[in-house]
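Notes for the structure review
Here is how the chains run, residue by residue.
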Amino acid sequence: MTASRDWDAASYDRVSDPQLGWAREQLERLSLRGDEVVLDAGCGSGRVTALLIDLVPQGRVYAVDVAPSMVDHAAAALGDRVTALCQDLVELSLPEPVDAVFSNATFHWIHDHDALFAALHRTLKPGGQLVAQCGGRGNIDAFRTLADDIAGEEPFAPYFTDWKRPWNYATDVETAGRLKAAGFSDVRCWLEPKSVTPADPRAFIQTVCLVRHLDPLPEELRDPFVDRVLKRSGEPFVLDYVRLNMTARMGGG
Ligand SMILES: C[S@@+](CC[C@H](N)C(=O)[O-])C[C@H]1O[C@@H](n2cnc3c(N)ncnc32)[C@H](O)[C@@H]1O
């Protein structure tokens, strides 16, 4: 069975205020004149891409995502202000090199960070910048342990026998090493705790945190799985996010 990589883009667009907030903070770290070519790596439904577009009024933005529904949503929302492409970032191929790569809440969904960073490095112009944030080591640990426990319980367990955890929560130190190995310079990586209390916990975890847990389950067991996770999460419902920040430059500029 090929693992699904799609998302519910309309629902993600509604629930992703926390991601949008993190992205706003990160955009402050991009240094842009306004005429650059930039890439939003893992653009999702396009809410963050819209902020990026505003920063380069004389430039161009590529929005890339592996999930077809996300690319369609971003393209419909952003129109000709963006070139939206459905690609796996590990095999990224753009029509031209870019001045900056921006990415929010995406890299932890990719297992092979060496291949990812090599692909981003190939995409950048000499001296180009990388500003990214994703989940880092320790991210939603308590929630993940609970979801794993419930995946091992009846009636869900038989559906998880071949299931692979979707995330790669790297440390700041190993990420800095990988970025340098890929050829980046001026590398800075750090972890940052960020607790989130979603406005609608059910919609948020169904759409984001449990998106790949729900794949192997038949339709009639999806709500009961989410119900059990919510019931055992306790109140108030808080997700202990830990973000991994990274900034770097393509050497040679
Ligand atoms: C949590 S969403 C973040 C979307 C957006 N950057 C934001 O901040 O709202 C994660 C996104 O990463 C995308 N993604 C996961 N693996 C990917 C890959 N290998 N290549 C491209 N996109 C990927 C997913 O399809 C999803 O749209």
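Description of the structure in this document. (Residues numbered from 1 in each chain as written. Predicted model: local features only at pLDDT ≥ 70, side-chain atom pairs only at ≥ 80, totals over all residues. Heavy atoms only, no water.)

Section: the overall build of the chain
The helix and strand tally for the chain stands at nine helices and seven strands. For 253 residues, the compact-globule formula gives about 18 Å, and the C-alpha radius of gyration of the chain, at 18 Å, lands near that figure. Projected onto the principal axes, the alpha-carbon positions of the chain cover approximately 55 × 40 × 35 Å. Partitioning the contacts of the chain with sequence separation of at least 6, the portion at a separation of at least 24 is 78%. (Helix = DSSP H or I, 4+ residues; strand = E, 2+ residues; numbered from the N terminus. Rg over C-alpha atoms; globule rule 2.2 N^0.38 Å. Contact = heavy atoms within 4.5 Å.)

Considerations on the packing of aromatic side chains
If you walk through the whole model with that rule in mind, you get ten aromatic pairs. Summarising the aromatic geometry, the rings of Trp22 and Tyr241 are spaced 4.9 Å apart at their centres and angled 65° between planes, so their arrangement reads as edge-to-face. Taken together, the residues span a long stretch of sequence, with Trp22 in helix H2 (residues 17–27) and Tyr241 in strand E7 (residues 239–250) at a distance of 219 residues. We classify Tyr241 as buried; its relative accessible area is 6%. An aromatic cluster of at least three residues, connected via ring pairs, comprises Trp7, Tyr12, Trp109, Trp167 and Tyr169. For Arg188, the ring lying beneath its charged end belongs to Trp190, and the centroid distance is 4.1 Å. (Phe/Tyr/Trp six-rings, centres within 6.5 Å; stacked < 30°, edge-to-face > 60°. Buried < 20%, exposed > 50% of the residue type's maximum accessible area, 1.4 Å probe, protein only. Lys NZ or Arg CZ within 6 Å of the ring centre and 35° of its normal.)

What to know about the side chain of Asn245
Looking at the element boundaries, Asn245 is found in strand E7. A relative accessible area of 1% places Asn245 in the buried class. At 2.7 Å, the side chain of Asn245 and the side chain of Gln133 are in polar contact. Only 2.8 Å separates the side chain of Asn245 from the side chain of Glu192, close enough to count as a polar contact. When residues no more than four places from it in sequence are discounted, the contact partners of Asn245 are Arg29, Ala132, Gln133, Arg188, Cys189, Trp190 and Glu192. (Polar contact = N/O pair within 3.5 Å; in protein donor to acceptor, adjacent residues only side chain to side chain.)

Topic: the site of the ligand
Not every one of the 20 residues close to the ligand is listed here, only the nearest: Tyr12, Gly42, Asp65, Asp88 and Asn104. Trp7 places a side-chain nitrogen or oxygen 3.4 Å from an oxygen atom of the ligand. One of the side-chain N or O atoms of Asp65 is found 2.6 Å from an oxygen atom in the ligand. In the complex, 97% of the free accessible area of the ligand, which totals 600 Å², lies under the protein chains. Residue composition of the shell around the ligand, by class: eleven nonpolar, six polar and three charged. (Near = heavy atom within 4 Å. Areas by Shrake-Rupley, 256 points an atom, 1.4 Å probe, with all protein chains shown as cover. Nonpolar A, V, L, I, M, F, W, Y, C, P; charged D, E, K, R; others polar.)

What to know about the side chain of His213
Along the chain, His213 turns up in the loop between helix H8 (201–209) and helix H9 (219–233). Judged by relative accessible area, His213 falls into the buried class, the value being 1%. With residues up to four places along the chain from it excluded, the contact list for His213 reads Ala147, Asp148, Phe160, Trp163, Trp167 and Phe225.

Geometric descriptors of this kind do not, in isolation, establish any biological role.
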